[in-house]
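The chain contents come next:
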Amino acid sequence: MPKEFNTAAFEYAPAPESRSVVDIAPSYGLFIDGEFVEAADGKVFKTVSPSTEEVLSEVAQAGAADVDRAVKAARRAFEKWSALPGSERAKYLFRIARIIQERSRELAVLETLDNGKPIKETRDADLPLVAAHFFYYAGWADKLSHAGYGSDPKPLGVAGQVIPWNFPLLMLAWKIAPALATGNTVVLKPAETTPLSALFFADICRQAGLPKGVVNILPGYGDAGAALTEHPDVNKVAFTGSTAVGKAIARQVAGTHKKVTLELGGKGANIVFDDAPIDQAVEGIVTGIFFNQGQVCCAGSRLLVQESIQDEVLDALKRRLSTLRLGDPLDKNTDIGAINSAEQLARITALAETGEAEGAERWSPECELPTSGYWFRPTLFTGVTQAHTVARDEIFGPVLSVLSFRTPEEAVAKANNSQYGLSAGIWTEKGSRILAVAGKLRAGVVWANTFNKFDPTSPFGGYKESGYGREGGRHGLEAYLDV
């Protein structure tokens, strides 16, 4: 008799990516005017790996004096950079894109070490998209007169850009690629918990022969970001991050000449209709909320499922969550990595406890958490109403709130009942329903029978408290042109 195999008995062997492909220096300076320099006041801070809490490096901490120095360097560089023909600027962007591809394995490991997300995400999603953005905007550099913004659109000047910690290198690409393609120069402040990939990008700029002062990188805290966005010689402010900080920036630049784009928080609704392919939808739900540990502004953190299939979807979803592997982000089999910081873990924990206290039912699969680092189990809340905090507030972690609906009209009403309007998903086999529902959703991006799909040709941005302006695609050029 042939033996029956119990597939549950098979264990994944460790498949660690080698750390030796990346050489992290014990200390890094600020990148100003093509050189790495110390902060004016000599301040430094440590960056740690969220999965082990080990110190990776010591980094110079920018202050207001450093911001002023960097803006002046960018202003000096602007005259020559903006005067270059678009085809010449494109050559630098193509070169940067190719170097990113050549160094993608090194950068993927670095991003995983500094951010905590699984290596398969940095390797297969982040890095290919980073290179693609530079390739895409390199292609636009000599075609700006055909972009629909006038026959000879001009750059704005110096762009002050502040990026978050959830996609450090990808957010850098979203900001820097269109800015350079349109002839602007850049001062960029990476998040204080993830400065390393931006500093490695500074090295790539030198490797590509980019003229001095065109890109300046200033690691630091919120005070450096505030000094950058309020600097009188900055012409364009681009910010991705929390809604609270976005509102502060909007107030700060009101009445000035500065052009502003803000990409802020979200509470995306993932809507599953009764004719949806259940298994495919479950994969989309998992991708929507557990990709990058749910630390995604456009995460599908609210699941709206039609009442008639709610039990079936939840059973399938719980089975699928029980197969997710949480652990070492450098292991190629890991699905759920570490939370980015102790501060973020505390916020997620507090909001999840609030959900329980308000009467929602909490469920997590059995999984062992590592003893060091910042970890949070994938979590479902059922019995959720629109009044629950977990259905309203952006948790920015691996926490999914499940609500039900009976009719398409109710689904749309519940999806739009949010202060945010960044993303949404629709799962149904009917194309007519996709179009009818998508047209009524107040969300900047609507995915149909998929979720979290990104492409440099496609614009991204939100409504309401999710910000304004668009990044990506032809639309992403407008923010950096004087139109």
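What you see as residue numbers is a count from 1 along each chain, following the sequence as written. Only residues with pLDDT of at least 70 get local features here, since the model is predicted, and only at 80 or more are side-chain atom pairs given and counted; chain-wide, interface and lining totals rely on the full set of residues. Values shown for side chains rest on all heavy atoms present in the structure; no hydrogens or waters enter the calculation.

An unreviewed UniProt entry annotates the chain as Aldehyde dehydrogenase family protein originating from Streptomyces beijiangensis. UniProt positions are given in the numbering used here, feature names are shortened, and annotations may be inferred rather than shown by experiment. According to its UniProt record, the chain has this under Sequence similarities (unreviewed entry): "Belongs to the aldehyde dehydrogenase family."

(A) View of the packing of aromatic side chains. Working definition: rings of Phe, Tyr and Trp (its six-membered ring) pair if their centres are within 6.5 Å, and the pair is stacked with planes under 30 degrees apart, edge-to-face with planes over 60 apart, and tilted otherwise. The tally for this structure, following the rule as stated, stands at 15 aromatic pairs. Consider the rings of Trp 81 and Tyr 92, whose centres lie 5.6 Å apart with planes at 55°: the pair is tilted. Placement of the pair is Trp 81 in helix 1 (residues 64-83) and Tyr 92 in helix 2 (residues 86-102), with a sequence separation of eleven residues. The buried label goes to any residue with under 20% of its type's maximum accessible area, the exposed label to any with over 50%, and the partly exposed label to all in between, with areas taken from a 1.4 Å probe on protein chains only. Given a relative accessible area of 2%, Trp 81 falls into the buried group. Consider the rings of Tyr 136 and Tyr 137, whose centres lie 4.9 Å apart with planes at 80°: the pair is edge-to-face. In this description a helix means any DSSP run of H or I spanning at least four residues, a strand means any run of E spanning at least two, and both kinds are numbered starting from the N terminus.

(B) Just the pattern of salt bridges, in detail. One speaks of a salt bridge when a side-chain nitrogen belonging to Lys or Arg is within 4 Å of a carboxyl oxygen belonging to Asp or Glu. Overall, the coordinates contain 28 salt bridges when judged by the stated rule. Taking the shortest distance from any N to any O, the salt bridge between Lys 175 and Glu 471 comes out at 2.8 Å. Of this pair, Lys 175 sits in helix 5 (residues 168-181) while Glu 471 is found in the loop between strand 21 (467-468) and helix 15 (475-478), placing the two residues 296 residues apart along the sequence. Side by side, Lys 175 and Glu 471 carry an identical accessibility label, which is buried. As a salt-bridge pair, Lys 414 and Glu 410 come within 3.1 Å of each other at their nearest N and O atoms. Taken together, the residues span about one helical turn, with Lys 414 and Glu 410 both in helix 13 (residues 408-416) at a distance of four residues. Exposure remark for Lys 414: the relative accessible area of 16% places this residue in the buried category. One continuous salt-bridge network, built from bridges that share partners, spans Asp 274, Asp 275, Lys 430 and Arg 433.

(C) Seen up close, the pairing of strand 15 (residues 379-382). On strand 15, burial covers both faces: Thr 379 and Phe 381 on one face and Leu 380 and Thr 382 on the other are all buried. Think of it this way: DSSP has to see at least two bridges between two strands before they count as a pair. When strand 15 meets strand 16 (residues 399-405), the two strands line up parallel, connected through three bridges. If you follow Phe 381 over to strand 16, its bridge partner there is Ser 401.

(D) Inspection of the nonpolar core at higher detail. Throughout this description, the term nonpolar core refers to a set of buried Ala, Val, Leu, Ile, Met, Phe, Trp, Tyr and Cys residues connected via side-chain atoms within 4.5 Å. With 110 residues, the main nonpolar core has Ile 100, Phe 134, Leu 172, Phe 201 and Val 272 as its most contacted residues. For this core, the element with the most residues is helix 5, which contributes eleven residues. How far each domain reaches was decided by an automatic or database domain assignment. For this core, the domains that each give at least three residues are domain 1 (19-264 + 466-478) and domain 2 (269-456). Note on definitions: a residue-residue contact is assigned when non-hydrogen atoms from the two residues lie within 4.5 Å. In contact with Val 272, other than residues within four places in its own chain, are Ala 281, Ile 285, Leu 303, Leu 304, Val 305, Gln 306, Ile 309, Val 313, Phe 405 and Trp 427.

(E) Structural view of the packing of helix 4 (residues 119-140) against helix 5. Orientation of helix 4 relative to helix 5, taken along the N-to-C sense of each, is 5°, at an axis distance of 9 Å. For the element pair helix 4 / helix 5, the angle class is roughly parallel. Note on element contacts: helix 5 touches helix 4 through Leu 169, Leu 170, Leu 172, Ala 173, Trp 174, Ile 176, Ala 177, Pro 178 and Ala 181, opposite Asp 126, Leu 127, Leu 129, Val 130, His 133, Phe 134 and Tyr 137. Think of each axis as a best-fit line through the C-alpha atoms, taken over the contacting stretch in the case of a helix, with angles from 0 to 180 degrees between the N-to-C directions. Orientation categories follow fixed angle ranges, with anything under 35 degrees roughly parallel, anything over 145 roughly antiparallel, 65 to 115 roughly perpendicular, and all other angles oblique.

(F) Molecular detail of helix 9 (residues 278-290). Given the number of residues in a helix, its expected span is that number minus one, multiplied by 1.5 Å. In this model helix 9 runs 18 Å from its N-terminal to its C-terminal C-alpha over 13 residues, within 8% of the 18 Å that 1.5 Å per residue would give. Looking one or two places after helix 9, you find Asn 292, whose phi comes out positive at around 55°.

(G) Local environment of the domain arrangement of the chain. According to the domain assignment, the chain consists of domain 1 (19-264 + 466-478) and domain 2 (269-456). Each of domain 1 and domain 2 has a C-alpha centre, and these two points are 30 Å apart. The partner domain 2 presents 34 residues to the 37 residues of domain 1 that form the contact. At the boundary of domain 1 with domain 2, total buried surface from both sides reaches about 2700 Å², with 60% on carbon and sulfur atoms. Taken together, the links from domain 1 to domain 2 amount to one salt bridge. A 3.5 Å cut-off defines polar contacts: any pair of N or O atoms within that distance qualifies, except that in protein one atom must be a possible hydrogen donor and the other a possible acceptor, and neighbouring residues in sequence count only when both atoms are side-chain atoms. Joining domain 1 to domain 2, the criterion identifies 13 residue pairs in polar contact (both at pLDDT 80 or more). Every element with two or more residues in the side of domain 1 that touches domain 2 is listed here: helix 3 (104-115) and helix 4. It is helix 4 that provides the largest number of residues to the side of domain 1 that touches domain 2, a total of ten residues. Looking at the side of domain 1 that touches domain 2, its residues break down into 15 nonpolar, 13 polar and nine charged. Using a 1.4 Å probe, buried area is obtained as the accessible area two parts lose upon being combined, added over both of them. Three categories are distinguished: nonpolar for Ala, Val, Leu, Ile, Met, Phe, Trp, Tyr, Cys and Pro, charged for Asp, Glu, Lys and Arg, and polar for the others, with Gly belonging to the last.

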